[in-house]
Number of protein chains: 2
Amino acid sequence: MSKGLLIVVSGPSGAGKGTICAEYCKRHPEVFLSVSATTRSPRPGEQDGVHYFFYSKEEFKGMIENNELLEWAQYCENFYGTPKKYVEQALNEGRDVILEIEVQGALNVQSRFAGGTYVFVLPPDPDVLADRLRGRQTETEEVVQKRLSRAMEELPLMSHYDYVLENDQLEEAVNDLERIVRAEKMSRPRRIEDLEQIWKIKE
Amino acid sequence: MSKGLLIVVSGPSGAGKGTICAEYCKRHPEVFLSVSATTRSPRPGEQDGVHYFFYSKEEFKGMIENNELLEWAQYCENFYGTPKKYVEQALNEGRDVILEIEVQGALNVQSRFAGGTYVFVLPPDPDVLADRLRGRQTETEEVVQKRLSRAMEELPLMSHYDYVLENDQLEEAVNDLERIVRAEKMSRPRRIEDLEQIWKIKE
C-alpha cells in the first residue's frame, strides 16, 4: 500500500487556511486533519482536542524535550506545534494528512519530511487581509496591526512552497485544493513505482 | 499579460491521448490545439489541417531544413512534427497550447522549451492497450504487434514527464487533465511574479 500524502496548508493569519481545511475535511472524511498543540488561550467556541490541544507552557516544553513534536514554533509569545505520532501513523496507513500550520512551522516540517506538498494560502490582496483580520472581532486593533505586519514579513517565505492558493471564494478555494491534491497524486515521481509493476518496465 | 501554458500530452499509440485532447479543447475553446504535420496517409475521416497537416516526404524535409518545426521525429517510416509558428504565437498571446505528440517528439520539445507541462497518458494496463489498438480496426495484426512492442519500449521514457494520466474512463481522464492544468497555474514559480506586485513583496 502506498503511503498517504502530507498536505501542508499554511499562510498568514487571516488568510482563511483554517476554514479551507475544515471544509476540505468535510468533503473528504477519510483525510486525517492533524490537530495542533498550542499554549495560547482558547478563543470563544474552541474545543480542546478539536481545534487545538491546549497545553500550559510547562507541558509544551516537556513535549519539546521528549521529541514528541514534528515541528514547533514560538509566535506572539505562545508556542504552537504538531504532535508527531498521529501524523506518521495515518501516513503509514495510506491516509492523506492535512497539516494546517503557520508559516514558519511549515518550513520546519519541510526540513524533516521529503515528499510533502506545501500550499501557501493568501487572500486576493492586502486590503482583504486587513478586513478579514478585523472581521474576526476577537482581537484589538493593536493585535490586528501586529498580525498584519507579521503577515507582510512572512510573504517572502512563500518561495519555499509548491503552490499558492488564492482564497477569494471559499467553495472555489476548496475545489482548488482538491485539484492540487489530485494533481500531486498523478505526479510521475509518485506514480512510478506502481506503474513499473503494472507495466513491468525495465530500466 | 502572462504567457500561456504549454501542455504536452503524449504516451504510446493507443493510449487515447487524441481523444482526451479533443474533448479537453471542446470544453476549453480558448485553448490552442496544435495541429501536427505528418507524412503518413490519412486514416478514414481524417481531414487535412484539422487532424494533421498532411505533407509529402519531400515537403516535410524542406520544413526541417528551413527550421520551421518545433520538433520532428521519424516513426514507422513516416515523419511527424510540430509547426513552430502557431505555438509560439498563441503562447505569447496568453493562450494555453496543447501539443498532442508521440513520446520522442515530446522529449525533443522538452529540450527546447522551459516551463512546459509534460503529461504521459496510459491505459490502465497492457491488456487494455492491446485491446484498444485492435479495436481501431484500421490496422493489421502485424501493425498492432509493432505498435505494442514500440509502446513497451517507450514506457521507460515516462521518467522525463511531470504527470502520468491513467486513461480509464474518458470523462474522468479529461477532468484529471483539467486538474493538472489548474494545479500548474497555482504552482508557486508560475504565480510569484504577479504576487510580488500585488503584495509588494521585497526580497
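Here, the structure is the one placed above.
Residues numbered from 1 in each chain as written. Chains lettered and ligands numbered in written order. Predicted model: local features only at pLDDT ≥ 70, side-chain atom pairs only at ≥ 80, totals over all residues. Heavy atoms only, no water.

Student: Go over the overall build of chain A with me, naming the residues and quoting the values.
Tutor: Secondary structure assignment for chain A yields 8 helices and 9 strands. By principal-axis analysis of the C-alpha atoms, chain A measures approximately 60 × 40 × 30 Å. For chain A, buried positions account for 48% of its 203 residues. For chain A, restricting intrachain contacts to residue pairs at least 6 apart in sequence, the fraction spanning at least 24 positions comes to 66%. Accessible surface computed for chain A: about 10200 Å², of which carbon and sulfur atoms make up 46%. (Helix = DSSP H or I, 4+ residues; strand = E, 2+ residues; numbered from the N terminus. Buried < 20%, exposed > 50% of the residue type's maximum accessible area, 1.4 Å probe, protein only. Contact = heavy atoms within 4.5 Å. Areas by Shrake-Rupley, 256 points an atom, 1.4 Å probe, with all protein chains shown as cover.)

Student: Give a detailed account of the side chain of S10(B), specifying residues and quantitative values.
Tutor: All names here are of chain B. With respect to the helices and strands, the residue S10 is situated in strand 1 (residues 6–10). Looking at S10, its side chain comes within polar contact range of the main-chain oxygen of E102, at 3.3 Å. Apart from residues no more than four positions distant in its own chain, S10 is found in contact with K17, I101, E102, V103, A106, V119, F120, V121 and Y161. (Polar contact = N/O pair within 3.5 Å; in protein donor to acceptor, adjacent residues only side chain to side chain.)

Student: Lay out the packing of aromatic side chains with the relevant residues and their values.
Tutor: Remark: the centre distance and the inter-plane angle together describe each pair of aromatic rings, the angle taken between the planes. Residue and element names in this part refer to chain A. For the coordinates displayed, the defined rule picks out 12 aromatic pairs over all chains. Taken together, a centroid distance of 6.3 Å and an interplanar angle of 65° make the contact between Y52 and Y80 edge-to-face. Here Y80 lies in strand 6 (residues 78–83) and Y52 lies in the loop between strand 3 (37–38) and strand 4 (53–54), a separation of 28 residues in the sequence. The same class applies to Y52 as to Y80, namely buried. Their ring planes at 50° and their centres at 5.9 Å tell us that W72 and F79 sit as a pair that is tilted. Overall, the relative accessible area of 36% leaves W72 in the partly exposed class. (Phe/Tyr/Trp six-rings, centres within 6.5 Å; stacked < 30°, edge-to-face > 60°.)

Student: Explain the interface of chain B and chain A to me, and be specific about the residues and the numbers.
Tutor: Frequently, the measure chosen for interface size is the accessible area removed from exposure when the parts meet. Facing the 33 residues of chain B at the interface are 33 residues of chain A. Both sides of the chain B and chain A interface together cover about 2900 Å² of buried area, and 69% of this is carbon and sulfur. Three residues, M186(B), R188(B) and W199(B), lead the burial of chain B against chain A; their summed loss comes to 27% of the area buried on that side. One can count 4 salt bridges joining chain B with chain A. A salt bridge links R191(A) to E166(B), with the shortest nitrogen-to-oxygen separation between them at 2.8 Å. The set of elements that each furnish at least two residues to the side of chain B that touches chain A consists of helix 5 (126–135), strand 9 (163–166), helix 7 (170–186) and helix 8 (188–199) of chain B. Residue contributions to the side of chain B that touches chain A peak at 7 residues, all from helix 8 of chain B. Grouping the amino acids of the side of chain B that touches chain A by side-chain chemistry returns 22 nonpolar, 2 polar and 9 charged. (Buried area = accessible area lost by both parts, 1.4 Å probe. Salt bridge = Lys/Arg side-chain N within 4 Å of Asp/Glu carboxyl O. Nonpolar A, V, L, I, M, F, W, Y, C, P; charged D, E, K, R; others polar.)

Student: Provide a residue-level description of the side chain of D96(B), including the pertinent values.
Tutor: Residues and elements named next belong to chain B. Position of D96 relative to the elements: it lies in the loop between helix 3 (84–92) and strand 7 (97–100). D96 gets classed as buried once you look at its relative accessible area, which sits at 9%. A polar contact is formed between the side chain of D96 and the backbone nitrogen of L5, at a distance of 2.8 Å. Setting aside residues no more than four positions away along its own chain, D96 makes contact with G4, L5, I7, V31, F32, V181 and K185.

Student: Summarise helix 4 (residues 103–110) of chain B; cite the residues concerned and give the values.
Tutor: Residues and elements named next belong to chain B. Taken residue by residue, helix 4 has V103, G105, A106, L107 and V109 as its buried positions. The inward-facing, buried residues of helix 4 abut strand 1, strand 5 (69–75), strand 7, strand 8 (117–122) and helix 6 (141–154). With a side-chain oxygen lying 3.2 Å from the backbone nitrogen of Q104, the N-terminal cap of helix 4 falls on E102.

Student: Can you lay out the packing of helix 7 (residues 170–186) of chain A against helix 7 of chain B for me, pointing to particular residues and giving the numbers?
Tutor: At a minimum axis distance of 8 Å, the contact between helix 7 of chain A and helix 7 of chain B shows a crossing angle of 105°. One finds that helix 7 of chain A runs roughly perpendicular with respect to helix 7 of chain B. Counting all contacts with helix 7 of chain A, which are made through D176(A), R179(A), I180(A), R182(A), A183(A) and M186(A), the residues of helix 7 of chain B involved are D176(B), R179(B), I180(B), R182(B), A183(B) and M186(B). By residue class, the composition of the contact of helix 7 of chain A with helix 7 of chain B is 6 nonpolar, no polar and 6 charged. (Axes fitted to C-alpha atoms, helices over the stretch in contact; angles between N-to-C directions. Parallel < 35°, antiparallel > 145°, perpendicular 65-115°, else oblique.)

Student: Go over the pairing of strand 8 (residues 117–122) of chain A, please, and point to the residues and values.
Tutor: Residues and elements named next belong to chain A. Along strand 8, 6 of the 6 residues are buried, which leaves the element largely enclosed by surrounding structure. Across the two faces of strand 8 the burial is the same, with T117, V119 and V121 and Y118, F120 and L122 all buried. Of the pairings in the sheet, the one linking strand 1 (residues 6–10) to strand 8 comprises 4 bridges and is parallel in character. Bridge pairing in strand 8 places V9 opposite V119. Where strand 8 lies against strand 9 (residues 163–166), 4 bridges are found, and the strand directions are parallel. From the neighbouring strand, V121 faces strand 9, where its bridge partner is L165. (Pairing = 2+ DSSP bridges.)

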